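# Report on the structure
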Amino acid sequence: MGQRTPLYQKHVDAGAKIVDFAGWDMPLHYGSQIAEHRQVRDHAGVFDVSHMNVVDLDGSEAEAFLRRMLCGDVAKLQPGAALYTLLLNEEGGVIDDLIVYRREGSWRLVANCGTRAKVLAWLRQHAAGKQLALRERADLAILAVNGPAAIATVATLLAPAQAESMHALRPFECAGSDDLFIARTGYTGEDGVELIVPAAAAPQLWDKLVAAGVRPTGLGARDTLRLEAGMNLYGHDMDEKTSPLSANLAWTIAWEPADRDFIGRAAVTRDRALIAEGRLPVLTGLVLETRGVLREGQEVTTDRGKGVITSGSFAPTLNLSIALARVPVHITACTVDLRGTPTPVRIVKPRFVRFGKKVFD
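The rules behind the values
- Residues numbered from 1 in each chain as written.
- Predicted model: local features only at pLDDT ≥ 70, side-chain atom pairs only at ≥ 80, totals over all residues.
- Heavy atoms only, no water.
- Buried < 20%, exposed > 50% of the residue type's maximum accessible area, 1.4 Å probe, protein only.
- Helix = DSSP H or I, 4+ residues; strand = E, 2+ residues; numbered from the N terminus.
- Salt bridge = Lys/Arg side-chain N within 4 Å of Asp/Glu carboxyl O.
- Polar contact = N/O pair within 3.5 Å; in protein donor to acceptor, adjacent residues only side chain to side chain.
- Contact = heavy atoms within 4.5 Å.
- Phe/Tyr/Trp six-rings, centres within 6.5 Å; stacked < 30°, edge-to-face > 60°.
- Lys NZ or Arg CZ within 6 Å of the ring centre and 35° of its normal.
- Axes fitted to C-alpha atoms, helices over the stretch in contact; angles between N-to-C directions.
- Parallel < 35°, antiparallel > 145°, perpendicular 65-115°, else oblique.
- Left-handed = near helix turned anticlockwise from the far one by under 90°.
- Nonpolar A, V, L, I, M, F, W, Y, C, P; charged D, E, K, R; others polar.
- Expected span 1.5 Å × (residues − 1).
- Pairing = 2+ DSSP bridges.

### Observations regarding helix H8 (residues 219-228)
Counting buried positions along H8 yields nine of ten residues, so the element is predominantly enclosed. Taken as a whole, H8 has its buried residues at Leu219, Gly220, Ala221, Arg222, Thr224, Leu225, Arg226, Leu227 and Glu228. Positive phi shows up at Gly230, right after H8, with a value of about 75°.

Have a look at this one:
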């Protein structure tokens, strides 16, 4: 038996197929992964992401600490703003990807559950002796509500002042307290919010969302939704041996000011030159326009050498198979080995769907 979120019994009662996910008993689907995927694209779905790791930081050195630890620069954040960024090691590999929220007088990090131990150890190692406090928030739960009807539906469940505050948020903004923390962030390529609440309050909130027509959605649909949106999955599309520049994540790096010495800066500066010289692989998108399914681990043969699929699946929104693949730079043609047959695939930018619409040519 793995760890269980405060919503575990809700998943069981809803008939979920429970699977192990990084040591947690989590819902894969509630009967139809494709139906759940389409519900998020067409209306609204709710995900239990309470397995994610929430860490609060405060103290006089917290901002300086985060400017050293993260490749993105938190100094530009005003209270109520959020940033998607990376923890890098000295070699420029990705320890984890996370979102940092700036609150009034404190900071909140939400990181992956599978990296919990190493992220906490890394943060604590570098926080030693500094004027700051790190607090893991296992007392909180997270419900992600995504889809074109997500905001309007959630608003009907909130007090008027809370609903007004939520409507005022733009993407990557947040508001609220520990009783209800609302963030305009997500992992599906759709509009929506992530609601962080006390663990004891999560089941009732779940019930209210479901009663309002928001469909429970499992990890299976979450994966196909994020893949369609071109969003990386830690441990698949990047890890501690992967440079952000090889994972389509160069945009997360704040190169200026030049004197900000974040961990891994020298390594990613080197990688920047290697990319320019064509000596480091990059992450691209692949589309299979014939029958078949692209899968993680399949070999990619290109006009400039070999590559590999890092994430691949059938895309319900597009009704075809798509993938993210790490390949040599500047490729113009490639094939994937499908059951022993070299099969041509189309090369596109590594983003396929946004707000329910195809975004590649």
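### Thoughts on the pattern of salt bridges
What the rule picks out here adds up to 25 salt bridges. Arg41 serves as the salt-bridge partner of Glu228, at 2.9 Å between the closest nitrogen and oxygen. Here Arg41 lies in helix H2 (residues 33-42) and Glu228 lies in helix H8, a separation of 187 residues in the sequence. Neither residue differs from the other here; Glu228 and Arg41 are each classed as buried. Among the salt bridges present, the one from Arg103 reaches Asp178, with a minimum N-O distance of 3.5 Å. You can see Arg103 sitting in strand S6 (residues 94-103) and its partner Asp178 sitting in the loop between strand S10 (174-176) and strand S11 (181-183), a full 75 residues away along the chain. With relative accessibility at 15%, the residue Arg103 sits in the buried group. On the accessibility criterion, Asp178 (26% relative accessible area) is partly exposed. Through salt bridges with shared partners, one network takes in Asp56, Arg103, Arg108, Arg137, Asp139 and Asp178.

### Remarks on the side chain of Glu228
Overall, the relative accessible area of 0% leaves Glu228 in the buried class. Side-chain polar atoms of Glu228 contact the side chain of Arg41, separated by 2.9 Å. Each residue touching Glu228, except ones within four places of it in the same chain, is listed here: His37, Arg41, Ala315, Pro316, Thr317, Leu318, Ile322, Arg351, Phe352 and Val353.

### Observations concerning the packing of aromatic side chains
What the rule picks out here adds up to three aromatic pairs. On the numbers, 5.4 Å between centres and 85° between planes, the contact of Tyr101 with Phe181 is edge-to-face. Taken together, the positions of Tyr101 in strand S6 and Phe181 in strand S11 put the pair 80 residues apart, joining distant regions of the chain. Neither Tyr101 nor Phe181 differs from the other in exposure class; each is buried. Directly above the aromatic system of Tyr8 lies the positively charged group of Arg4, at a separation of 3.9 Å from the ring centroid. Across the ring face of Trp255, the terminal group of Arg272 is positioned such that the distance to the ring centre comes to 4.0 Å.

### Here we look at the packing of H2 against H8
Contact geometry for H2 and H8: axes closest at 8 Å, N-to-C directions at 50°. Between H2 and H8, the angle is such that the two are oblique. Here the hand of the crossing between H2 and H8 comes out right-handed. Counting all contacts with H2, which are made through Gln33, Glu36, His37, Val40 and Arg41, the residues of H8 involved are Gly220, Ala221, Thr224, Leu225 and Glu228. Its residues placed into classes, the contact of H2 with H8 shows three nonpolar, four polar and three charged.

### Remarks on the side chain of Thr242
Relative to the helices and strands, Thr242 is located in the loop between H8 and helix H9 (265-276). Within the structure, Thr242 has its side chain in polar contact with the side chain of Asp239 (distance 2.9 Å). Those residues in contact with Thr242 that lie beyond four places of it in its chain are Gly92, Gly93, Val94, Asp237, Ala247 and Arg326.

### Regarding H9
In a regular helix each residue adds 1.5 Å, so twelve residues correspond to 16 Å; H9 covers 17 Å between its end C-alpha atoms and thus fits that length. Along H9, the residues classified as buried are Arg265, Ala267, Val268, Asp271 and Leu274. Each element contacted by the buried residues of H9 is listed here: strand S5 (82-88). The positive-phi residue at the C-terminal boundary of H9 is Gly278, with phi of around 75°.

### Focus on the sheet that holds S6
Taken in spatial order, the five strands make up an open sheet running S5-S6-S7-S4-S8, and their pairing is antiparallel. Both outer strands of the open sheet, S5 and strand S8 (133-136), are each paired with one neighbouring strand and no more. Within this sheet the neighbouring strands show an average axis-to-axis angle of 30°, counted without direction. By the bridge criterion, four bridges tie strand S4 (residues 53-58) to S8 in an arrangement that is antiparallel. Among the inter-strand pairings, Val55 is bridged to a residue of S8, identified as Glu136.

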